[in-house]
Amino acid sequence: MASASPTTPPAPQVYDWEPSNAAIAAQYGIDPASVLRFDLNTPATVNPVALEVLDGPFETSLSEYPDADYKVIADAAAAYTGVDASEIIVGAGADEVLDTIAKAFLPTGGRAIIPIPTYAMYAVHTSQRGATADTVLRLPAEQGFRMDLEQVLERLPGANVVWLCSPVNPTGMPETPEDLRTLLDAAAALGPDGPVVVVDEAYFEFAPATLIPLRSAYPGLIVVRTVSKAFALAGFRVGYAIAQRPTIARLEAYRPPNSITAVSAKIAAAALARADETLARVQATIVERERFADALRAIGIEPLSSVTNFLLLRIGSYEEAESLTEALQRGGVVPRFFGPSHPLAGHIRVTVRGREQDDRLLALARAWKERAA
């Protein structure tokens, strides 16, 4: 992979952490228990498997450190994805996996290509390594927010990492198979100096197209997964990555020990072993997504196409999006809002939470539209 000569590193970016339920409740004078999180792309209820497993017993006593190899998770993830367990590295959520990738492949003074808008942590992990986030603006909504492949390909030489997610957060649309294959071919053609291509498939279960089968052809491909989204286990912090064994071995040198609790390990493994139950709930979410989108259109709010468990809503101006966000939060409903310099200023993103909670958002949005008329 490409190396970089030492330079003065840029100042690390700081992630804009979401306010807590307690902070939102205090700001608006409401009950914290009434706050609904439409900003985190997580299901409204925890995976039932977690409640069963919490009764124990666990492989090691909870007074001891958990097994540091996380074999129980790797084996379950291997069975779920159809790969060998040696091709998997596990972390405390996909975020720790992404951080491990950055440590392994992004030297100080290096460069990472990031098509934007996208998940904000890619730029954060990049800057924390003293590397440069080389952002490439995506094509407009009318072209499905596709990455600007021409620009990305031009910038490949000398890059260390390409950060992608598919489906894309926050647009809700996948990268096209043609673009991904072209990018992988171009990165591979650069040989050992080419960048690793990281494809974050956090929302895979909602739109089951994966690059995992291509790993054998592309040594620089790393696919990242999580149990936070479809598996409804965000509070237990488990993610994993899949790549060729030499790439996994390089990552293992940077993986911290014991960052996943024994409780989280057992719950994640059990959920992966019972993935059919999760996939059934995913289908219900997809049905609700379409109902929710239709209801939003009926009150004059435009949801853009999505294959995920969230919707990107085109509101209008930045000020209009800010006004709607304020109205929703006063009612205890928290959307994802984008600042004035963000490529999606004038939009908000909302999770598909289920009919009852979605209807509460709809009622607040309808009242806002009526006041604005």
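Anything mentioned here points back to the structure above.
Residues numbered from 1 in each chain as written. Predicted model: local features only at pLDDT ≥ 70, side-chain atom pairs only at ≥ 80, totals over all residues. Heavy atoms only, no water.

Let us look at the pattern of salt bridges. Scanning the entire structure with this criterion turns up 20 salt bridges. A salt bridge links Asp-39 to Arg-37; its shortest N-O distance comes to 2.8 Å. Neither Asp-39 nor Arg-37 differs from the other in exposure class; each is buried. By sharing partners, the salt bridges in this structure join Glu-52, Arg-274 and Glu-277 into a single network. (Salt bridge = Lys/Arg side-chain N within 4 Å of Asp/Glu carboxyl O. Buried < 20%, exposed > 50% of the residue type's maximum accessible area, 1.4 Å probe, protein only.)

Residue placement: Pro-219 occurs in the loop between β6 (196–200) and β7 (221–226). Separated by 23 residues in sequence, Pro-219 and Val-196 place their C-alpha atoms 8.2 Å apart. Contacts of Pro-219, omitting those with residues within four sequence positions, involve Gln-244 and Thr-247. (Helix = DSSP H or I, 4+ residues; strand = E, 2+ residues; numbered from the N terminus. Contact = heavy atoms within 4.5 Å.)

This part is about the packing of helix α10 (residues 275–298) against helix α12 (residues 355–372). Two elements in contact, α10 and α12, have axes separated by 11 Å at closest approach and are oriented at 15°. Classified by the angle their axes make, α10 and α12 are roughly parallel. α12 is crossed by α10, and the crossing has right-handed handedness. Residue-level inspection shows Glu-288, Arg-291, Phe-292, Ala-295 and Leu-296 of α10 in contact with α12, the latter providing Arg-355, Asp-358, Asp-359, Leu-361 and Leu-362. Broken down by class, the residue content of the contact of α10 with α12 amounts to five nonpolar, no polar and five charged. (Axes fitted to C-alpha atoms, helices over the stretch in contact; angles between N-to-C directions. Parallel < 35°, antiparallel > 145°, perpendicular 65-115°, else oblique. Left-handed = near helix turned anticlockwise from the far one by under 90°. Nonpolar A, V, L, I, M, F, W, Y, C, P; charged D, E, K, R; others polar.)

Turning next to the nonpolar core. If you look at the biggest cluster of nonpolar residues, it comprises 54 residues, and the most contacted ones within it are Ile-88, Val-90, Leu-183 and Leu-272. Among the elements that line this core, the one with the most residues is helix α9 (residues 262–273), at eight residues. Dropping the residues within four chain positions of it, Leu-272 is found in contact with Ile-73, Ala-76, Ala-77, Tyr-80, Val-227, Phe-231 and Tyr-240. Ranked by size, the runner-up nonpolar core spans 29 residues in total, among them Leu-98, Cys-165, Val-168 and Val-198. (Core = buried A, V, L, I, M, F, W, Y, C linked by side-chain atoms within 4.5 Å.)

What follows concerns the pairing of β7. By the criterion of burial, β7 is predominantly enclosed, with six of the six residues buried. Alternating positions in β7 separate into two faces, Leu-221, Val-223 and Arg-225 on one and Ile-222, Val-224 and Thr-226 on the other, with burial throughout. Summarising the sheet, β6 and β7 pair through four bridges and their orientation is parallel. Bridging across to β7, Val-198 finds its partner in Ile-222. Looking at chain direction, β7 and strand β8 (residues 239–242) are connected through four bridges and run antiparallel. Note that in β8 the partner of Thr-226 across the bridge is Gly-239. (Pairing = 2+ DSSP bridges.)

A separate point is the packing of helix α4 (residues 93–105) against helix α5 (residues 121–128). For the pair α4 and α5, the least separation of the axes is 9 Å and the interaxial angle reads 40°. Between α4 and α5, the interaxial angle falls into the category oblique. Crossing handedness for the pair α4 and α5: right-handed. Between α4 and α5, the residues in contact are Asp-95, Leu-98, Asp-99 and Ala-102 and Met-121, Tyr-122, His-125 and Gln-128, respectively.

A few words on α4. Residues that lie three or four places apart on an α-helix share one face, since the helix turns once every 3.6 residues. Compared with an ideal rise of 1.5 Å per residue, which puts 13 residues at 18 Å, α4 spans 19 Å between its outermost C-alpha atoms and is within 8% of the ideal. Regarding α4, the residues found buried are Gly-93, Ala-94, Glu-96, Val-97, Leu-98, Asp-99, Thr-100, Ile-101, Ala-102, Ala-104 and Phe-105. (Expected span 1.5 Å × (residues − 1).)

With that out of the way, let us pick up the layout of surface pockets. Here the second largest pocket is characterised by a volume of approximately 300 Å³. Every residue lining the second largest pocket is counted, 18 residues in all, and those nearest its centre are Pro-43, Ala-44, Arg-281, Thr-285 and Arg-353. Tallying contributions element by element places α10 first for the lining of the second largest pocket, with five residues. Each residue belonging to the lining of the second largest pocket can be placed in one class, and the counts come to 10 nonpolar, five polar and three charged. (1 Å grid on protein atoms, 1.4 Å probe; cavity = no way out; pocket = protein on both sides within 12 Å on 5 of 7 lines; lining within 4 Å. Points joined across faces, edges and corners; volume = space filled by probe spheres on them.)

For the structure on display, the rule yields five aromatic pairs. Residues Tyr-80 and Phe-231 carry aromatic rings whose centres are separated by 5.6 Å and whose planes lie at 85° to one another, so their mutual orientation is edge-to-face. In this pair, Tyr-80 sits in helix α3 (residues 71–81) while Phe-231 sits in the loop between β7 and β8, placing the two residues 151 residues apart along the sequence. Accessibility classification places Tyr-80 together with Phe-231 in one group, the buried group. Lys-266 extends its terminal NZ or CZ atom over the ring of Phe-58, reaching a point 5.5 Å from the ring centre. (Phe/Tyr/Trp six-rings, centres within 6.5 Å; stacked < 30°, edge-to-face > 60°. Lys NZ or Arg CZ within 6 Å of the ring centre and 35° of its normal.)

In summary, the side chains of a regular strand alternate between the two faces of the sheet. A large share of strand β5 (residues 161–165) lies buried, amounting to five of its five residues. Going residue by residue along β5, you find Val-161, Trp-163 and Cys-165 tucked away on one face and Val-162 and Leu-164 tucked away on the opposite face as well. Sheet analysis places strand β3 (residues 111–116) next to β5, joined by two bridges and oriented parallel. If you follow Ile-113 over to β5, its bridge partner there is Val-162. Of the crossover connections in this fold, the one passing from β5 over helix α7 (residues 177–189) to the parallel β6 is right-handed. (Right-handed = clockwise from strand over helix to strand, strands pointing away.)

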